[in-house]
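Residues per chain, in single letters:
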Amino acid sequence: MNPFNKFNKWFNLAKETFEFDPTAFALSSSSNNKPDVRMVLLKKILPDGYIFFTNINSNKGKQFNKNNNLAMCFYWESLKKQIRISGRGLIIDDKESDLYFSSRPRKSQLGAWASKQSSVIKNRKVLINRFQKYEKKFENNQVTRPPYWIGIKIVPRTFEFWQGDQFRLHERELYYLRKKVWQKKILSP
Ligand SMILES: Cc1cc2nc3c(=O)[nH]c(=O)nc-3n(C[C@H](O)[C@H](O)[C@H](O)COP(=O)(O)O)c2cc1C
């Protein structure tokens, strides 16, 4: 099976049965050989990649600007399924980011303006004040997308599908590309 189809099959199962948010995944980035990881949300599935949104001025954004190799890891406890993907990130077109941003609730849009993601602030009041500042600024107007709030598409190079089983006899399938054709190998758990 093509790993993108397998991803969709597992993701749909997770949507049906998972008790929390199946779109949440750990996103790993690195620069200067220092790995970093945090949770983000999968917002769009394309035939050739997976899109999440973030502030490009954040720590992850700065790391990404130096090194566009990214990795994703989903775990759906109710299914005992893990999916790992590694690939490269590409910034999506501004128009696509605009479209997604415009679909967000107004207060989340204002929150994107208010937060200088990953920067140090003196206290929470600073953030609330900035939120109110943008509330006023956009009063009676549509909230436009901050130029730094962007979508990144991860184009996979490898997928690993892990299915938990009894006695640590888990199943692991690794998919990788050889001459643009997906190959599959079984890994020991
Ligand atoms: C479940 C969950 C989902 C999150 N989704 C996003 C997201 O989609 N985009 C984002 O920028 N941060 C998201 N965050 C916040 C990030 O984990 C992180 O705190 C933030 O992006 C700053 O990370 P950085 O300093 O490594 O750039 C989410 C956090 C959690 C716990």
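Residues numbered from 1 in each chain as written. Predicted model: local features only at pLDDT ≥ 70, side-chain atom pairs only at ≥ 80, totals over all residues.

## What to know about the overall build of the protein chain
Looking only at helices and strands, the protein chain has five helices and nine strands in total. Secondary structure elements of the protein chain, listed N to C terminal, follow the sequence α-β-β-β-β-α-β-β-α-α-α-β-β-β. Counting every position in the protein chain, which comprises 189 residues, the buried fraction comes to 23%. Relative to all contacts within the protein chain whose residues are 6 or more apart in sequence, the contacts with residues 24 or more apart total 58%. (Helix = DSSP H or I, 4+ residues; strand = E, 2+ residues; numbered from the N terminus. Buried ≥ 20, exposed ≤ 12 C-beta atoms within 10 Å, placed from the backbone. Contact = placed C-beta atoms within 7 Å.)

## Quick notes on the nonpolar core
Formed by 29 residues in total, the largest nonpolar core has its most connected members in Leu70, Met72, Ile83, Ile85, Ile152, Ile154 and Phe159. Secondary-structure elements contributing two or more residues to this core are helix 1 (3-17), strand 1 (24-31), strand 4 (49-55), strand 5 (69-76), strand 6 (81-91), helix 4 (106-114) and strand 7 (149-163). Examining the composition of this core, we find that seven residues originate from one element, strand 7, more than from any other. Leaving out residues up to four positions away in the same chain, Ile85 has contacts with Ala71, Met72, Ile154, Pro156 and Phe159. (Core = buried A, V, L, I, M, F, W, Y, C linked by C-beta atoms within 7 Å.)

## Some remarks on the site of the ligand
In the vicinity of the ligand, 15 residues are found, and the nearest of them are Arg38, Thr54, Ser58, Asn59 and Lys60. Elements supplying a minimum of two residues to the shell around the ligand: strand 2 (34-41), strand 4 and helix 2 (59-66). Ranked by residues supplied to the shell around the ligand, first place goes to strand 2 with five residues. Here the residues of the shell around the ligand sort into six nonpolar, six polar and three charged. (Near = placed C-beta within 6 Å. Nonpolar A, V, L, I, M, F, W, Y, C, P; charged D, E, K, R; others polar.)

## What to know about helix 5 (residues 124-137)
Relative to the 20 Å expected for 14 residues at 1.5 Å per residue, helix 5 spans 20 Å between its end C-alpha atoms, a close match to the ideal helical length. Counting buried residues in helix 5 gives zero out of 14 residues, a small share hidden from the surface. (Expected span 1.5 Å × (residues − 1).)

## Re the environment of Asp93
In this fold, Asp93 is placed in the loop between strand 6 and helix 3 (94-102). Residue Asp93 is classed as exposed on the basis of its C-beta count, with 11 C-beta atoms lying within 10 Å. Separated by 50 residues in the primary sequence, Asp93 and Lys43 place their C-alpha atoms 15 Å from one another.

## Details of the pairing of strand 1
For a regular strand, the rule is simple: side chains alternate between the two faces of the sheet. Sheet topology note: the strand 1/strand 2 ladder contains eight bridges and is antiparallel. Residue Ala26 lies in a different strand from strand 2, and its bridge partner there is Met39. Taking the residues between adjacent antiparallel strands as the criterion, strand 1 and strand 2 are bridged by two residues, where Asn32 takes a positive phi near 50°. One ladder, built from three bridges, connects strand 1 with strand 5; its direction is antiparallel. Residue pairing across strands places Ala26 opposite Cys73, the latter belonging to strand 5. (Pairing = 2+ DSSP bridges.)

## Digging into unusual backbone geometry
Unlike most non-glycine residues, Asn33 shows phi in positive territory, near 65°. As for its placement among the helices and strands, Asn33 is situated in the loop between strand 1 and strand 2. Residue class for Asn33 comes out exposed when judged on the 6 C-beta atoms lying within 10 Å of it. You will see that Lys180, though not glycine, has its phi angle at about 65°, which is positive.

## Some words on the pairing of strand 8 (residues 171-178)
In the sheet, strand 7 pairs with strand 8 via six bridges, with the strands oriented antiparallel. Bridge pairing links Gln163 to Glu171 in strand 8. Bridge count between strand 8 and strand 9 (residues 181-187): seven bridges; the pairing is antiparallel. Among the inter-strand pairings, Glu173 is bridged to a residue of strand 9, identified as Ile186. Between strand 8 and strand 9, which pair antiparallel and follow one another directly, the connecting turn spans two residues, one of which, Lys179, has a positive phi of 50°.

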